[in-house]
Amino acid sequence: MRHLAYALCLSLAGMFAALPAAAQNVTAQFQTWLQNDLWPAARARGISQQTFNAAFNGVSPNLKLPDLVTPGQTAEPPRVQHQAEFGAPGNYFAENTVAGVSSGGRSRVARLQQPLDAIERRFGVPAGILVAIWGRESGFGGANIPHNAFEVLGTKAFMARRKDMFREEVLAALEMVQRGHVSVSAMKSSWAGALGQPQFLPTSYLKYAYDADGDGRADIWDSQVDTLASIANYLAAHGWVKGRDWGFEVTVPDSVSCALEGPDRGKRISEWASMGITRVSGRPFPDHEARQEGYLLMPAGRSGPAFIVTPNFYVLKEYNESDLYALFVGHAADRIAYGDRRFASSWGSVDKLYRSDIAAMQRGLERQGYDVGGADGLPGFRTRRSIGDWQAKNGRAPTCFPDAGLVRSLG
């Protein structure tokens, strides 16, 4: 073991010599953190020094990753948002992207119908939802996932804005290797540290990865069946309601405030209908849905399509905490099952704002007593409806979405 530790130190020393002074300082601090902080925590979880050294051999912090905080500095919302789902909402639904998932999904449903039927019987999640997530996350397993997971997770555990979360993830990644689920060399991830075809974080792998093909290993890298079953297991464990839809595109009359949005403002779907909300198809809501609770969703406020969604929509958000992500999955699943019908309403143009601009606006709303869900620069439903309430109170037509004028007024 001492030889392994010595080899790791020599490798890191060689890297230090080639780095600029500032990076050398961070790398030296990273190495100290590895040995004095992360290693004792890993050892307490049963990780061997051999596994630990193999995972971090040659690893230095990747300072090109987003949302990092230099040691000693205070975390602030970044000026620019790197995740596409928090940009202009319409950009997330580029037709070539949606059509690629839906057309690719239909061919895979046809090819994998038997295992998908078995998975749906076991977990209650429809094939279209599973395949849409698979397509969105990794292009049905075809996406290039190039990063060293220990470099990504180690860097983020050391210096990300949410480093406590990533600390748990890097320890879980070490457990995956220690238990023999995967080799160090196979631990490739996205820039956010997600693994394999379903893009599970390591803690999700340990909890939800599922061996559906019976070979004794939950293989989310090379087994399509295990990948789909693992996604289904994740959704079922987070409360997927068998037999319910995810939601319906609707028309919301001006008499219904966009500030009624949110999972904490639910009504029976029949009540929403009595307020004048109608399906864009012209058909009534299904009887079994009308009797149950639904929620208004307007991800671009009055500048885009509107929806009545079910609790299953919020289960999809457990997979990725983004309204647009969950909506993409539900929409693509519908197109996989029923054909390529686009949204009836179009996405309007919205002002291009920096994440830091939205955070300043949120702080302005908070000072006036509004609950925006935290001044993080991300316009979630609490921010959107707070905007609508503020606009109505100040004699403006509620749009329920950030714009440059709001930033000037509230920032």
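Residues numbered from 1 in each chain as written. Predicted model: local features only at pLDDT ≥ 70, side-chain atom pairs only at ≥ 80, totals over all residues. Heavy atoms only, no water.

(A) Region of the structure containing the overall build of the protein. Per the secondary structure count, the protein includes 17 helices and seven strands. A compact globule built from 411 residues should have a C-alpha radius of gyration of about 22 Å, and the protein, at 23 Å, falls within 12% of that. Considering only C-alpha atoms, the protein reaches an extent of 75 × 55 × 35 Å along its principal axes. For the protein, with 411 residues in total, the buried portion stands at 47%. Of all intrachain contacts in the protein linking residues separated by at least 6 positions in sequence, the fraction that spans at least 24 positions is 68%. When the accessible area of the protein is evaluated, it comes to approximately 18300 Å², of which 48% is carbon and sulfur surface. Distance from the positive charge centre (43 side chains) to the negative charge centre (40 side chains) of the protein: 2 Å. (Helix = DSSP H or I, 4+ residues; strand = E, 2+ residues; numbered from the N terminus. Rg over C-alpha atoms; globule rule 2.2 N^0.38 Å. Buried < 20%, exposed > 50% of the residue type's maximum accessible area, 1.4 Å probe, protein only. Contact = heavy atoms within 4.5 Å. Areas by Shrake-Rupley, 256 points an atom, 1.4 Å probe, with all protein chains shown as cover. Lys, Arg positive; Asp, Glu negative; His and termini not counted. Charge placed at Lys NZ, Arg CZ, Asp CG, Glu CD.)

(B) Up close: the sheet that holds strand E6 (residues 293-297). The five strands lie next to each other as E4-E6-E7-E3-E5, forming an open sheet whose pairing is antiparallel. Of all the strands in the sheet, the pair left with one neighbour each is strand E4 (267-268) and strand E5 (278-279). Across four bridges, strand E3 (residues 247-251) lies against strand E7 (residues 306-309) in antiparallel orientation. The partner of Glu 249 across the bridge, within E7, is Phe 307. (Pairing = 2+ DSSP bridges.)

(C) Here's a closer look at the pairing of E7. Neither face of E7 is open: one carries Ala 306 and Ile 308, the other Phe 307 and Val 309, and all of them are buried. Both E6 and E7 contribute to a ladder of three bridges, which runs antiparallel. Paired with Leu 297 across the strands is Phe 307, a residue of E7.

(D) Representation of the packing of helix H7 (residues 149-159) against helix H8 (residues 163-178) within the structure. Contact geometry of H7 with H8 gives a least axis separation of 7 Å together with a crossing angle of 145 degrees. Of the two possible hands of crossing, H7 and H8 adopt the one that is left-handed. Here H7 contributes Phe 150, Leu 153, Gly 154, Lys 156, Ala 157 and Phe 158 to the contact with H8, which in turn contributes Lys 163, Phe 166, Arg 167, Glu 169, Val 170, Ala 173, Leu 174 and Val 177. A per-class count over the contact of H7 with H8 returns nine nonpolar, one polar and four charged. (Axes fitted to C-alpha atoms, helices over the stretch in contact; angles between N-to-C directions. Left-handed = near helix turned anticlockwise from the far one by under 90°. Nonpolar A, V, L, I, M, F, W, Y, C, P; charged D, E, K, R; others polar.)

(E) Expanded view of helix H6 (residues 127-138). For H6, which comprises 12 residues, the first-to-last C-alpha distance of 17 Å matches the rise-based estimate of 16 Å (1.5 Å per residue) to within 8%. Burial within H6 is extensive, with 10 of its 12 residues counted as buried. Of the positions making up H6, those classed as buried are Ala 127, Gly 128, Ile 129, Leu 130, Val 131, Ala 132, Ile 133, Trp 134, Gly 135 and Ser 138. Buried residues along H6 sit against helix H4 (95-111), helix H5 (113-123), helix H10 (224-237), helix H13 (311-319) and helix H14 (323-338). (Expected span 1.5 Å × (residues − 1).)

(F) Representation of the packing of H4 against H6 within the structure. Where H4 meets H6, the axes come as close as 9 Å, and the angle between the chain directions of the two elements is 125 degrees. Taken together, H4 and H6 sit at an angle that is classed as oblique. For the crossing formed where H4 meets H6, the hand is right-handed. Residues Thr 97, Val 101, Gly 105, Arg 108 and Val 109 of H4 touch H6, and the partners they reach there are Ala 127, Val 131, Ala 132, Trp 134, Gly 135 and Arg 136. (Parallel < 35°, antiparallel > 145°, perpendicular 65-115°, else oblique.)

(G) Region of the structure containing the pattern of salt bridges. Considering all chains together, one arrives at 18 salt bridges under this definition. A salt bridge links Arg 179 to Glu 175; its shortest N-O distance comes to 2.7 Å. The exposure class of Arg 179 is exposed, given its relative accessible area of 52%. Residue classification places Glu 175 among the buried residues on the basis of a relative accessible area of 13%. (Salt bridge = Lys/Arg side-chain N within 4 Å of Asp/Glu carboxyl O.)

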